[in-house]
Structure formats: structure tokens, C-alpha cells
Amino acid sequence: MDLNEKISAYLNNYKCNIIFNAPMKEHTSFKTGGNADILINPKDDEAVKAVLTFAKENDTPLTVVGNSSNLLVSDDGIRGIVLKTAGGLCDISLSGNIITAGAGVSLAKLCLFALDNSLSGLEFAYGIPGTVGGAVYMNAGAYGGEIKDVLKSVTHINPRLECEQKSAQELSLSYRHSFYSDNDGYFILNAQFELKKDDSKLIKERMDDFLSRRKSKQPLEYPSAGSTFKRPEGYFAGKLIEDCGLKGFRVGGAMVSEKHAGFVINYDNATTGNILDLISYIQKTVKEKTGVTLETEVKILR
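Residues numbered from 1 in each chain as written. Predicted model: local features only at pLDDT ≥ 70, side-chain atom pairs only at ≥ 80, totals over all residues. Heavy atoms only, no water.

A.B. asks: For this particular structure, what's the right way to read the overall build of the chain?
C.D. replies: Each helix and strand in the chain was counted, giving eight helices and 18 strands. In summary, the chain has a C-alpha radius of gyration of 20 Å against a globular reference of 19 Å for 302 residues, a match within 12%. Seen along its three principal axes, the alpha-carbon backbone of the chain occupies a region of about 55 × 55 × 30 Å. Residue burial in the chain is summarised as follows: out of 302 residues, 50% are buried. The contacts of the chain with a sequence gap of at least 6 include a subset with a gap of at least 24, amounting to 64%. Averaging the coordinates of the 35 positive side-chain charges in the chain and doing the same for the 37 negative ones gives two points 4 Å apart. (Helix = DSSP H or I, 4+ residues; strand = E, 2+ residues; numbered from the N terminus. Rg over C-alpha atoms; globule rule 2.2 N^0.38 Å. Buried < 20%, exposed > 50% of the residue type's maximum accessible area, 1.4 Å probe, protein only. Contact = heavy atoms within 4.5 Å. Lys, Arg positive; Asp, Glu negative; His and termini not counted. Charge placed at Lys NZ, Arg CZ, Asp CG, Glu CD.)

Listed below in C-alpha cells is the structure:
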């Protein structure tokens with residue numbers, strides 16, 4: 001029995017979708033990347049644990065992704081199992097002013113749920129194209145707000161395949177960083193967000209304002225992974241890149257956005273190789289001309 005047959009039989013009684021030889025360009029916001037051997041979309045916590053157990057017992061490589069909106073996949077693809085939360089783990093509930101949302105819930109859905117219940121604190125996240133799991137993993141933020149500002153706790157499966165909960169204070173949350181980005185083997189199941197009551201009209205006005213600013217300043221019409229680089233201390237990555245004369249610079253089908261230099265975009269059927277070469281060229285040029293080292297915000301799976 002080969003791996004595909006084995007995992008199909010193992011997961012037969014669990015709620016999940018399985019795709020073999022899955023083209024990752026169809027599952028990433030950059031629209032690039034080779035195929036994943038096996039892509040699994042679990043629908044509940046039991047399915048997640050079953051996949052993690054199978055991978056551990058069979059020594060199968062495992063990669064966890066959310067909406068893949070901050071991900072760059074190699075043109076060679078991904079070996080083993082890709083466990084995708086977006087489209088599954090979508091439960092969302094309310095208790096008082098605390099929202100509990102599954103790792104696969106989109107930030108858009110989370111923000112709209114908060115709005116419907118007149119809860120404020122998540123407006124900054126409206127328009128960020130990720131999931132709850134990914135947002136917690138990287139402490140996503142925009143317009144002065146961060147996930148750590150509203151996160152209460154997270155439930156995950158640890159490397160021993162045990163379900164446990166950690167408070168936000170235990171997660172080492174800082175700029176684009178968390179406990180999870182430093183420690184492999186943890187799978188986020190859901191997160192709790194503690195918000196504040198406010199007038200729903202005012203909440204919607206703030207959400208619309210942030211979304212409008214995002215649309216006017218960012219190249220949302222092209223595939224990308226959002227801001228390509230982290231903000232260097234004391235600087236803005238986009239301004240550094242623009243000041244180096246790199247707006248519109250291309251490598252193959254990859255280009256530095258002419259709308260916002262902090263974005264590398266898939267302008268014309270780019271490959272992941274094109275994008276990586278352009279990222280390297282930007283880093284080299286900015287370092288030579290300004291002395292500043294740019295670190296990627298996008299996660300690169302080689």
C-alpha cells in the first residue's frame with residue numbers, strides 16, 4: 001500500500017478533504033509554486049489530530065498553512081502532507097464580549113462577526129487576507145493595531161499530540177512574532193479574542209476607513225503576499241526600496257509594485273524563482289545603498 005492509499009484508509013472515518021498532487025499555485029495568494037504531494041483540509045479538531053497522528057507515526061513531513069496569504073512555495077512544490085485550515089475549522093461563537101474562532105476562520109469573517117455583535121478592537125484586521133491561525137502565528141497587524149492587543153488565549157495541539165490552552169501573555173507576542181514562530185510542532189485549533197462594546201455604526205466606519213486606505217495604497221489587483229518585508233526599526237521598507245529606485249523593477253514576471261514599493265507582486269505569470277530572485281536583489285541593493293538589512297515578512301517554503 002503506497003502513502004496515498006494508506007492515508008486515505010487511515011482518514012476514511014474523519015471529516016476532511018484530501019487532494020493528491022495538489023497545485024499550490026491554486027492555494028496561495030502569490031499564485032505560484034509547485035505541487036504538494038498531499039493536501040488535507042480538516043473539518044474539525046478530531047480530523048486535525050488524526051492527520052497529526054498519521055504524520056508522526058509514519059514519519060511523514062507535515063506543513064501547516066492557513067489561507068496561504070503570507071506564503072511563498074517553491075517551484076518544486078512541497079513533499080509530504082500540507083494541512084490547510086482555511087475552509088475548515090470555521091466555528092465561531094460568542095460569550096459575553098469574548099469571541100472564540102477556529103483557526104480556519106478568515107479575518108474578514110471574524111471582523112464582520114464582531115461588528116454584528118457591536119464589539120470593537122478588530123477593526124484594524126479588516127481586509128487582512130489571512131485566517132485566525134495565521135494571524136496568531138505571526139501576530140498580524142495593520143494601522144497601529146495587532147492581534148496581541150485583543151487576543152485572550154489560544155488552544156493548540158502540542159508536539160505530544162495533547163490539546164492545551166495558553167494565555168496571550170504566554171505566547172511571546174511581538175512585532176510579526178509569536179511563540180509559534182519559534183517552536184515547531186504546535187497546531188493552533190482556535191483563539192479567543194476579548195473585545196469591547198461600542199456603537200456598531202462607529203465600528204463599521206472604522207472598518208470601512210481601513211479598507212479604503214488599504215485599497216488606495218496597496219496593489220490588491222495583483223497576486224502578492226502583502227508586505228514582502230518586515231518594517232526595519234526606524235525605517236519603512238517601502239520607502240527604502242523606493243528611494244533606491246526600485247519601483248517597477250522586474251525579474252521575469254515578478255515586479256516591485258509601482259503603487260507601493262513594499263510589495264513584490266506577481267505581475268505577469270511569475271515563478272517562485274522570479275520572486276525569490278527579486279527579493280534577493282532588493283535586499284542586496286537596499287543593504288549596499290542604505291546599510292539597512294531587510295528581513296522578509298513573507299514565509300518562504302523552499
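More follows now that the structure is in view.
A.B. asks: Would you mind showing me how to read the pairing of strand S5 (residues 78-84) here?
C.D. replies: Among the seven residues in S5, six count as buried, and that is most of the element. Sheet topology places strand S2 (residues 35-42) next to S5; four bridges connect them, and they run parallel. Counted as the bridge partner of Ile38 is Ile81 from S5. In terms of strand pairing, strand S3 (residues 62-65) meets S5 through four bridges, oriented parallel. Within S5, the residue paired with Val65 across the bridge is Lys84. (Pairing = 2+ DSSP bridges.)

A.B. asks: Looking at this structure, I do not really get the environment of Ile265. What am I missing?
C.D. replies: Structurally, Ile265 can be placed in strand S17 (residues 264-266). A relative accessible area of 1% places Ile265 in the buried class. It is 24 Å that separates the C-alpha atoms of Ile265 and Gly144, two residues lying 121 residues apart in sequence. When near neighbours in sequence (up to four residues on either side) are disregarded, Ile265 contacts Phe30, Pro219, Tyr222, Pro223, Ser224, Gly253, Ala254, Met255 and Ser257.

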